[in-house]
Amino acid sequence: MNTESYDRAKQVQQFDDSKTGVKGLVDSGITTIPRFFIHPPETLSDIKQNSTTRPDAQLIPTIDLSDLRPSIVEKIARASRDLGFFQIVNHGIEPEILERLIGAIKGFHEQPPEIKAPVYCREMNRGVSFFSNVDLFRSKAASWRDTLQVKLGPTMPGLDKIPDICRNELVEWNQNVTKLGELLMELLCEGLGVDKERLKQMKFPEGRTMVAHYYPYCPQPDLTVGIASHTDPGLLTILLQDQRGGLQVKYGEEWVDVKPVPGALVINIGDIFQIISNDEYKSVEHRVFANASQEPRISIAVFFNSSDRDSLFGPLSELISTEKPAHFRQFTYTDYMRRFFTKELDGKSLANYYRLSGTTEQSKHDNINTM
């Protein structure tokens, strides 16, 4: 490979200027991926080492929300402390709504390039934007996916700004996911022993952003990833994934598959929840493989963040004591999100940046087998 003639910055800029995303590359008939998508050997070797992948699909629990509330609280709190991930069923959103949403997102991404191009944008404060790799110009290597991002709250963009092909489905999804997010916050608060309205008072249900990922076929899936290992910066994430799989969660030094469960939604704790819970709940690394299938993989995540950008955030006062002092310093949400959008998705939790010296995250991996 002639390294002297390779201008990475130019290649990345040309890709971004095309406004066609990864799907545009696939549609062009490529059989090898562009060099800036190839990940370093240490990343690829970790993916290839099957010995580090734990096949135990039961490790990530599926929790029935039609159960008795005390039982739900106990199960959700345990999963959030030990794993940072769980799936939920009987959550009140009809399977038909989920299927329609997946179909609408697939439809958006498979429109002709000239229809998607006007929405292509890297301004993260826009209500609706289509792009490939949020950290394209900051990462060491790009990942094999395209994304439609929509700010759902505090207020949705004007309906005319939302692509017609998925407009009704997104409005319906926003209504349902907002209610579900509020319920989950109540349950997670109860699991911490604090007032169930605590997170609502801090305006966490209001700041909602949806990212709808499209993972097209990758001709060299062993050289890149769908999403690199990372943690989510927000409070919690509600994820709808199709039945193709590919999502993995880090557990100790192993990777665990999050097997698709029909009708289920995947829930994970974000960095800000680990901070305000004072390390009670865990935000853990997760990743997605590049898609080796001819059929695309679709996933739709909603991130919940506080709409209060100026107040100070840190561990909840109710969770601080002489026995367990604060593990994190305080900060404003504006500073917090600015730091997220100036770093690459590199597996490093924002919680570590705000961690006070002398405090460590206690591992609870030893008691996981009792679940």
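Keep in mind that what you see is a predicted model, and the values were worked out from it rather than measured. (Residues numbered from 1 in each chain as written. Predicted model: local features only at pLDDT ≥ 70, side-chain atom pairs only at ≥ 80, totals over all residues. Heavy atoms only, no water.)

1. Observations regarding the UniProt feature "domain: Fe2OG dioxygenase" (unreviewed entry) in the protein
Selection criterion: UniProt positions are given in the numbering used here, feature names are shortened, and annotations may be inferred rather than shown by experiment. Comment: elements are numbered from the N terminus, with helices defined as DSSP H or I runs of at least four residues and strands as E runs of at least two.
Summarizing the sequence annotation, UniProt attributes the feature "domain: Fe2OG dioxygenase" (unreviewed entry) to residues 203-306 in the numbering used throughout. Overall, residues 203-306 shows 6% helix and 46% strand. The separation of its end C-alpha atoms is 5 Å.

2. Overview of the packing of helix 5 (residues 95-109) against helix 7 (residues 167-192)
The following threshold applies: All axes are obtained by fitting lines to C-alpha atoms, using only the stretch in contact for helices, and the reported angles, taken between N-to-C directions, cover 0 to 180 degrees. Relative orientations are named as follows: roughly parallel for angles under 35 degrees, roughly antiparallel for angles over 145 degrees, roughly perpendicular for angles from 65 to 115 degrees, and oblique for any other angle. Handedness of a helix crossing follows the sense of rotation of the near helix relative to the far helix, less than a right angle counterclockwise being left-handed and clockwise being right-handed. Any two residues whose heavy atoms approach within 4.5 Å at even a single point are treated as in contact. Each residue is assigned to one of three groups, with Ala, Val, Leu, Ile, Met, Phe, Trp, Tyr, Cys and Pro labelled nonpolar, Asp, Glu, Lys and Arg labelled charged, and all others, Gly among them, labelled polar.
Axis separation between helix 5 and helix 7 bottoms out at 9 Å; the angle between their running directions is 135°. Taken together, the axis directions place helix 5 and helix 7 in an arrangement best described as oblique. Crossing of helix 5 against helix 7: the hand is left-handed. Across the interface between the two elements, I97, L98, R100, L101, A104 and I105 of helix 5 pack against E169, L170, E172, W173 and N176 of helix 7. Split into classes, the residues belonging to the contact of helix 5 with helix 7 amount to 7 nonpolar, 1 polar and 3 charged.

3. Comments concerning the confidence of the model for the protein
Rules: Predictor confidence is given residue by residue as pLDDT, running from a minimum of 0 to a maximum of 100.
Mean pLDDT over the protein works out to 92, with 92% of the residues at or above the 70 mark. Every residue in residues 363-371 scores below 50 in pLDDT, and together they form 18 contacts with partners more than four places removed in sequence or on other chains.

4. Considering the sheet that holds strand 2 (residues 62-64)
Inclusion rule: Strand pairing requires that DSSP identify at least two bridges connecting the strands.
Read across the open sheet, the 8 strands follow the order 2-3-11-8-13-6-5-4; overall the sheet is mixed. Every interior strand has two partners, whereas the edge strands, strand 2 and strand 4 (128-131), have only one. On average, each strand axis in the sheet is inclined to that of its neighbour by 25°, with strand direction left out of account. Relative to strand 11 (residues 265-269), strand 8 (residues 236-241) runs antiparallel, the two sharing 4 bridges. Considered in strand 11, the bridge of L236 is made with I269.

5. Comments concerning the pattern of salt bridges
If the charged atoms of two oppositely charged side chains come close together, the side chains can form a pair. Stated formally: A pair is scored as a salt bridge if a Lys or Arg side-chain nitrogen falls within 4 Å of a carboxyl oxygen belonging to Asp or Glu.
As enumerated under the stated definition, the model contains 17 salt bridges in all. Connected through shared salt-bridge partners, R69, E186 and E190 make up one network.

6. A look at the pairing of strand 8
What counts here: Here's how the labels work: a residue is buried when its accessible area is under 20% of the maximum for its type, exposed when over 50%, partly exposed in between, all with a 1.4 Å probe on protein chains only.
Summarising burial for strand 8: 6 of the 6 residues are buried, a large majority. Every second residue of strand 8 is oriented toward a common face, with L236, I238 and L240 on one face and T237, L239 and Q241 on the other, all of them buried. Where strand 8 lies against strand 13 (residues 297-305), 6 bridges are found, and the strand directions are antiparallel. What sits directly across from L236, in strand 13, is F304.

7. Quick notes on the packing of helix 4 (residues 69-82) against helix 7
Contact pair helix 4 / helix 7: the axes reach a minimum separation of 8 Å and the direction vectors enclose 80°. Taken together, the axes of helix 4 and helix 7 are roughly perpendicular relative to one another. Note on element contacts: helix 7 touches helix 4 through L183, L184, E186, L187, L188, E190, G191 and L192, opposite R69, I72, V73, I76, A77, S80 and R81. Looking at the contact of helix 4 with helix 7 residue by residue, the class counts come to 9 nonpolar, 2 polar and 4 charged.

8. Things to note about the nonpolar core
Definition in use: To qualify as a nonpolar core, a set must consist of buried Ala, Val, Leu, Ile, Met, Phe, Trp, Tyr and Cys residues joined through side-chain atoms within 4.5 Å.
Within the largest apolar cluster, 73 residues are counted, with the highest numbers of intra-cluster contacts made by W173, F204, M210 and I300. The element best represented in this core is helix 7, accounting for 10 residues. In this view, I300 contacts L101, I102, I105, W173, M210, V211, A212, I238, L239 and L240; residues no more than four positions away in its chain are not counted. Core analysis: the second largest hydrophobic core is formed by 18 residues, I60, L239, L247 and V249 among them.

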